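Residues per chain are reported as follows:
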Amino acid sequence: MTAPALPQPRGDLSAAVIAALTSGDTALDSTLPATVDPYGDDLQLALYVLYELHYRGFAGVPDELEWDPGLLALRRALERPFLAALRRDVPPGTSAEEALDALLVEPVGHDDSSVSHHLQRDGELWQLTEYAALRSLYHLKEADPHAWVIPRLNGRAKAGMVAVEFDEFGAGRPAEIHARLYADLMADLGLDTTYGHYLDQAPAVALATVNLMSLFGLHRALRGALVGHFATVEVTSSPGSRRMAAALRRTGAGAAAQRFYDEHVEADAVHEQVVRRDVVGGLLADEPHLEADIAFGVHATGLLEDRFGAQVLKAWRQQHSALRTPPRGRTERKSP
């Protein structure tokens, strides 16, 4: 298994992190400028690179830097404004049940703010290909960050979580691992299936959706928020996957591309019930004080997905690439 290459920096913060990983000098200043954008490219890339040390790392970067005190101190300094911005921007005061119930309300007719609605009705194959490239940072590690919560759960919640994760990891069959199915989808669309290949092309809104999982997964104190994130993904996956499968069929994508979403239509309809009844219900029975955290996880996930969708759709409607640099073969599309 080959580790990905380090990305190109996007500002002073990400440049400092990448330089530290390259040189091994991790005595970094963890004081952040007051003007740092918690959702911006520089902070989000710096966070992504630091989080990636807990997944597959980077080529040429020693594995022992995963728990380097200097890097951990900087990571914590970067996490604080990101988490503070999320807490500021999500709607307050809803219960976990109310937050999840809202996800089940499907819009009547076409939703102009939804990427999957756009792709189902109006999307072109190049847009589906760009979407697959952007989502690869998530789907090629799809179930991994959620697995971190398993040792932090008990009884019914743990059993339900393991049952769903077992399916995500292919139910014992390597070829059926959902990340593998996504790689097959990418190959059908002519994309490079190398893990992390599209990191330099992904804008901050895409990085933030992945960083959210890592932030919640790496902190035991945020286990409720991670369960809220997991529940959001499972509750919303089936209808969204149905639209994506239809879009791929309409545009003539290959069978493997369609299969990834077809699999999620069926699997996640079942997972939704297990997650709500056993994972969320079991966690609330054991630790009722985590209800606000579960709701926060639901809302934070929705907030970042909405930001991602709005930026991608804005670019496409202007006939621009949603990637930071257009992929080969799409040079006629302008970068925003």
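Source: prediction; values computed, not measured.

Thresholds, definitions, all that
- Residues numbered from 1 in each chain as written.
- Predicted model: local features only at pLDDT ≥ 70, side-chain atom pairs only at ≥ 80, totals over all residues.
- Heavy atoms only, no water.
- Helix = DSSP H or I, 4+ residues; strand = E, 2+ residues; numbered from the N terminus.
- Rg over C-alpha atoms; globule rule 2.2 N^0.38 Å.
- Contact = heavy atoms within 4.5 Å.
- Lys, Arg positive; Asp, Glu negative; His and termini not counted.
- Charge placed at Lys NZ, Arg CZ, Asp CG, Glu CD.
- Salt bridge = Lys/Arg side-chain N within 4 Å of Asp/Glu carboxyl O.
- Buried < 20%, exposed > 50% of the residue type's maximum accessible area, 1.4 Å probe, protein only.
- Expected span 1.5 Å × (residues − 1).
- Polar contact = N/O pair within 3.5 Å; in protein donor to acceptor, adjacent residues only side chain to side chain.
- pLDDT = per-residue confidence, 0-100.
- Axes fitted to C-alpha atoms, helices over the stretch in contact; angles between N-to-C directions.
- Left-handed = near helix turned anticlockwise from the far one by under 90°.

Caption draft 1: View of the overall build of the chain. The helix and strand tally for the chain stands at 13 helices and zero strands. What you see in the chain, going N to C, is helices and strands ordered as α-α-α-α-α-α-α-α-α-α-α-α-α. A compact globule built from 336 residues should have a C-alpha radius of gyration of about 20 Å, and the chain, at 19 Å, falls within 12% of that. The C-alpha extent of the chain, read off along each of the three principal axes, is 55 × 50 × 40 Å. Counting contacts in the chain only where the partners sit at least 6 residues apart, residues at least 24 apart contribute 78% of the total. The averaged location of the 46 negative side-chain charges in the chain is 3 Å from the averaged location of its 32 positive side-chain charges.

Caption draft 2: Structural detail: the pattern of salt bridges. Per the counting criterion, the structure on display carries 13 salt bridges. Asp-122 serves as the salt-bridge partner of Arg-121, at 3.0 Å between the closest nitrogen and oxygen. Here Glu-305 makes a salt bridge to Arg-135, at a shortest N to O gap of 2.4 Å. One end of the pair, Glu-305, is in helix H13 (residues 291-317); the other, Arg-135, is in helix H6 (residues 125-139), with 170 residues separating them in the sequence. Given the relative accessible area of 9%, Arg-135 is considered buried.

Caption draft 3: Structural context of helix H2 (residues 41-52). Helix length check: H2 (twelve residues) gives 16 Å between terminal C-alpha atoms against 16 Å at 1.5 Å per residue, within 8%. The element H2 is largely enclosed, with a buried count of eleven among its twelve residues. Within H2, burial applies to Asp-42, Leu-43, Gln-44, Leu-45, Ala-46, Leu-47, Tyr-48, Val-49, Leu-50, Tyr-51 and Glu-52. The inward-facing, buried residues of H2 contact helix H1 (12-23), helix H3 (69-89), H6 and helix H10 (204-218).

Caption draft 4: Structural detail: the side chain of Gln-127. Within the secondary structure layout, Gln-127 lies in helix H6. The buried category is assigned to Gln-127, whose relative accessible area is 2%. Beyond its immediate sequence surroundings of up to four residues, Gln-127 is in contact with His-118, Leu-119, Asp-122 and Trp-316.

Caption draft 5: The arrangement of the side chain of Thr-26 in detail. With respect to the helices, strands and loops of the structure, Thr-26 is situated in the loop between H1 and H2. Within the structure, the side chain of Thr-26 is placed 2.8 Å from the side chain of Asp-68, a separation counted as a polar contact. If we ignore the near neighbours within four places in the chain, the residues touching Thr-26 are Ala-20, Leu-65, Asp-68, Gly-70 and Leu-71.

Caption draft 6: Geometry of the confidence of the model for the chain. The predicted model of the chain averages 92 in pLDDT, with 95% of residues at 70 or higher. In this model, residues 329-336 is a region of pLDDT below 50 whose contacts with residues beyond four sequence positions or in other chains number 16 contacts.

Caption draft 7: Representation of the environment of Val-274. Inspection of the secondary structure assignment puts Val-274 in helix H12 (residues 255-286). Sequence-distant contacts of Val-274, that is, excluding residues within four places in its chain, are made with Gly-160, Val-164 and Val-279.

Caption draft 8: Up close: the packing of H6 against H13. Taken N-terminus to C-terminus, the directions of H6 and H13 make an angle of 145°; their axes are 12 Å apart at the nearest point. Crossing of H6 over H13 shows right-handed handedness. Between H6 and H13, the residues in contact are Trp-126, Gln-127, Glu-130, Tyr-131, Leu-134 and Arg-135 and Glu-305, Phe-308, Val-312 and Trp-316, respectively.

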